[in-house]
Amino acid sequence: ISRHKSSLRLSLSYLRYDPTSKESRSRICIQVLTMVLAKRTSTTSSLGSEVPLGNISPTNRNFRHRTPWESNRHFSTFSTSTSSSWSTKILILSIAMSSVLAYFAINGMHDAIKELQIAEDIQKAEFEAANKVLDEARSTRKAAEKRVDKLDREVKVLNHEIRADLEMREAPSKTLYKTQENMGKSKQQHDLVVEWLKQRQEELQKKTGDMQNLVQEMSRRQVISKYGDAPYRVRFSVVLATFSHHPQSFVVEMASLDEMPNSVLTFLDMVRNKLWDNTAFAHEDKAEHVLMAMPMNYHTGSYRRHHFKALESLEVGFSEYSPDFPHEQYTLGFSGKGPEFYINTYNNTISHGPGGQEYHDLPEDADPCFGKVIEGRDVVDKLLAMTKSASRDFKSRFSHIMKVEILSS
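What you see is a predicted model, and the numbers here were worked out from it, not measured in a lab. (Residues numbered from 1 in each chain as written. Predicted model: local features only at pLDDT ≥ 70, side-chain atom pairs only at ≥ 80, totals over all residues. Heavy atoms only, no water.)

Asks: For this particular structure, what's the right way to read a positive patch on the surface?
Replies: Where like charges cluster on the molecular surface, the positive patch consists of Arg-147, Lys-150, Arg-153, Arg-200 and Lys-207. Among the elements of the structure, helix H3 (68–169) and helix H5 (180–227) are those that each provide at least two residues to the positive patch. The element best represented in the positive patch is H3, accounting for three residues. Along the polypeptide, Lys-207 turns up in helix H5. (Patch = residues over 30% accessible without salt bridge, like charges linked within 9 Å, V, L, I, M, F, W, Y side chains within 5 Å. Areas by Shrake-Rupley, 256 points an atom, 1.4 Å probe, with all protein chains shown as cover. Salt bridge = Lys/Arg side-chain N within 4 Å of Asp/Glu carboxyl O. Lys, Arg positive; Asp, Glu negative; His and termini not counted. Charge placed at Lys NZ, Arg CZ, Asp CG, Glu CD. Helix = DSSP H or I, 4+ residues; strand = E, 2+ residues; numbered from the N terminus.)

Here it is, written out as structure tokens:
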């Protein structure tokens, strides 16, 4: 070590200590070694005097010539003491370096643990914030749907009152008025009541339209946050009502969010929750203009409406309809408000458009049309052919909807 001390110190002099760098931890240990080696090494001879290690030579004036027996004895004593001293120093230096390295290793582990804890806290905060936003959106949607239902009931009451009033106007005049004067007064009062009812109905319809616009805007934002940007496409895997088990597929593209946002959101949520997996298309010879999808278990025949209701995907918020997306051939529409839907095998713009179905509450209501088949129309034609040739056998009356999945845009 003494012989190579100068070259080792020269090599270590090129190192620089940077307290802000993690690599400087190993350099500290090297500098500690350099400081220990830099001290002048000395040893104590057997006579008690300190003799520098570099000055021990036959020509030194402090070194007297001894007999061979004396020289061998003193040299062995000197070697033993020198070896013991350096062994102790090297052991102490090794322990010190190990302690330093262990200290910095422990500090590094503590820093890593702190960073992991901070990252975990950030993820928890983001997850809680996202859950809070989702809960607020759900509560807002429920409140909006309740207000829409309330306004619909008020509109129904007003329509009933208007119809009753019109029936009273058509009654014979002799049962309503006794004199011409009373008739004039009653007619004037009647006209005032009718005018007030009309104004009231217009105001309620305006409020209903505002609520529907609010529901559509909320639905548009939820679709974008859940499913990304358009286009939104869904693949149906279907086994025809035959003895074959080979599935065939067709692809449906959803309507624009500017036209049917609430209906698109409702159907995509149904697909994401796998509510239409293992259901069926019904082949009814009396309804060849549509191919109806039934929320029933294909294997057992039991209805699954309670599953839709439990996941809040039973129906759309209102009878949403856009004249820019009518019920043309190969389009999809909800039956009423859902959850049943159908594929238009013909152009059903009139029969399923505004006023086309009797089960709607208002004459301007219509079945929501929310998608269109863009790939695999030959499969839809095969399903229609099965409808025309369906028998009373259960297996021939239903085609198996094995799986419905959302395709990534």
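Asks: Please clarify how the environment of Asp-324 should be interpreted in this entry.
Replies: Following the sequence through the fold, Asp-324 ends up in the loop between helix H7 (305–310) and strand E7 (331–334). Once the C-alpha coordinates of Asp-324 and Met-260 are considered, the two residues, 64 residues apart in sequence, prove to be 9.9 Å apart.

Asks: Which parts of the structure should I look at to understand the sheet that holds strand E8 (residues 341–344)?
Replies: Each strand in a sheet pairs with its neighbour through backbone hydrogen bonds, running either in the same direction (parallel) or in the opposite one (antiparallel). Around the barrel, eight strands lie side by side as E3-E4-E9-E7-E8-E6-E5-E10; this closed barrel has antiparallel pairing. In this sheet, neighbouring strand axes are inclined to one another by 35 degrees on average, regardless of whether the strands run parallel or antiparallel. Here E7 runs beside strand E9 (residues 369–375); their pairing, made up of three bridges, is antiparallel. Along E9, the bridge assignment pairs Thr-331 with Lys-372. Across the sheet, helix H6 (residues 261–272) lies against strand E3 (233–239), strand E4 (248–254), E7, E8, E9 and strand E10 (398–407), angled at about 105 degrees from E10, the strand it touches most. (Pairing = 2+ DSSP bridges. Axes fitted to C-alpha atoms, helices over the stretch in contact; angles between N-to-C directions. Contact = heavy atoms within 4.5 Å.)

Asks: What should I look at first to understand the pattern of salt bridges in this one?
Replies: Opposite charge on two side chains permits pairing when their charged atoms draw close. Going through the model one piece at a time under the given rule, you end up with twelve salt bridges. Arg-397 serves as the salt-bridge partner of Glu-284, at 3.7 Å between the closest nitrogen and oxygen. Of this pair, Glu-284 sits in the loop between strand E5 (279–282) and strand E6 (290–294) while Arg-397 sits in helix H9 (residues 394–397); the two residues are 113 residues apart in sequence, bridging distant segments of the chain. Taking the relative accessible area as the measure of exposure, Glu-284 reaches 37% and is therefore partly exposed. On the accessibility criterion, Arg-397 (29% relative accessible area) is partly exposed. Salt bridges sharing partners connect three or more residues here, namely Glu-217, Arg-220, Arg-221 and Asp-258. (Buried < 20%, exposed > 50% of the residue type's maximum accessible area, 1.4 Å probe, protein only.)

Asks: Please explain H6 as it appears in this structure.
Replies: At 3.6 residues per turn, the α-helix brings residues three or four places apart onto the same side. For H6, built from twelve residues, the straight-helix expectation of 16 Å at 1.5 Å per residue is met to within 8% by its first-to-last C-alpha distance of 16 Å. Within H6, eleven of the twelve residues are buried, which leaves it mostly tucked inside the rest of the structure. Along H6, the residues classified as buried are Pro-261, Asn-262, Ser-263, Val-264, Leu-265, Thr-266, Phe-267, Leu-268, Asp-269, Met-270 and Val-271. Following H6 by one or two positions, Lys-274 adopts a phi angle in the positive range, close to 60 degrees. (Expected span 1.5 Å × (residues − 1).)

Asks: Sorry if this is basic, but what is going on with the pairing of E6 here?
Replies: The side chains of a regular strand alternate, residue by residue, between the two faces of the sheet. Across the five residues that make up E6, a large majority, four, are buried. In the sheet, E5 pairs with E6 via three bridges, with the strands oriented antiparallel. Following the sheet pairing, Ala-282 is matched in E6 by Met-292. With four bridges connecting them, E6 and E8 associate as antiparallel partners. Bridging from a neighbouring strand, Met-292 pairs with Tyr-342 of E8.

Asks: Can you help me understand the nonpolar core in this one?
Replies: Nonpolar side chains in soluble globular proteins generally cluster together in the buried interior. Residues Phe-236, Phe-250, Met-254, Phe-267, Phe-281 and Phe-341 are the most contacted members of the largest nonpolar core, which totals 40 residues. By residue number, the principal contributor to this core is H6, which donates six residues. In this structure Phe-267 touches Val-234, Phe-236, Met-254, Trp-276, Phe-334, Phe-341 and Phe-370, once residues within four positions along its chain are discounted. In terms of nonpolar packing, the next biggest core, distinct from the first, is built from eleven residues, Ala-144, Val-148, Met-211 and Val-215 among them. (Core = buried A, V, L, I, M, F, W, Y, C linked by side-chain atoms within 4.5 Å.)

Asks: Can you walk me through unusual backbone geometry in this structure?
Replies: Backbone torsion omega between Ala-230 and Pro-231 reads 5 degrees, so that peptide bond is classified as cis. Checked against the element boundaries, Pro-231 lands in the loop between H5 and E3. Cis geometry marks the peptide bond from Gly-338 to Pro-339; its omega dihedral reads 5 degrees. As for its placement among the helices and strands, Pro-339 is situated in the loop between E7 and E8.

Asks: Any chance you could explain helix H8 (residues 377–388) here in plain terms?
Replies: Across its twelve residues, H8 extends 17 Å between first and last C-alpha, which sits within 8% of the 16 Å expected from 1.5 Å per residue. For H8, the set of buried residues is Val-379, Val-380, Leu-383, Leu-384, Met-386 and Thr-387. Down the axis of H8, the buried side of the element spans an arc of 155 degrees, and every buried residue falls inside it. (Arc of directions from axis to C-beta.)

Asks: I'm lost on the environment of His-190 in this one. Help?
Replies: One can find His-190 in helix H5. Among the residues examined, His-190 registers a relative accessible area of 14% and is labelled buried. Distance in space between the C-alpha atoms of His-190 and Asp-165 is 8.5 Å, their sequence separation being 25 residues.

Asks: What am I meant to see in the packing of aromatic side chains here?
Replies: Here the distance between the centres and the angle between the planes together describe a pair of aromatic rings. Summed over the entire model, instances satisfying the criterion amount to 13 aromatic pairs. Members of the aromatic cluster, each reached through a chain of ring pairs, are Phe-236, Phe-250, Phe-267, Trp-276, Phe-281, Phe-308, Phe-334, Phe-341 and Phe-370. (Phe/Tyr/Trp six-rings, centres within 6.5 Å; stacked < 30°, edge-to-face > 60°.)

Asks: Even after reading the chapter, I still don't get the side chain of His-327, so can you show me in this structure?
Replies: On the secondary structure map, His-327 appears in the loop between H7 and E7. Owing to a relative accessible area of 0%, His-327 belongs among the buried residues under this scheme. A polar contact of 3.4 Å, which involves the side chain of His-327, links it to the backbone oxygen of His-352. (Polar contact = N/O pair within 3.5 Å; in protein donor to acceptor, adjacent residues only side chain to side chain.)

Asks: Any chance you could explain the pairing of E10 here in plain terms?
Replies: Pairing geometry for E3 and E10, over seven bridges, is antiparallel. Bridge pairing in E10 links Arg-235 to Glu-405. Here E5 runs beside E10; their pairing, made up of four bridges, is antiparallel. Counterpart to Ala-282 in the pairing with E10 is Phe-398.

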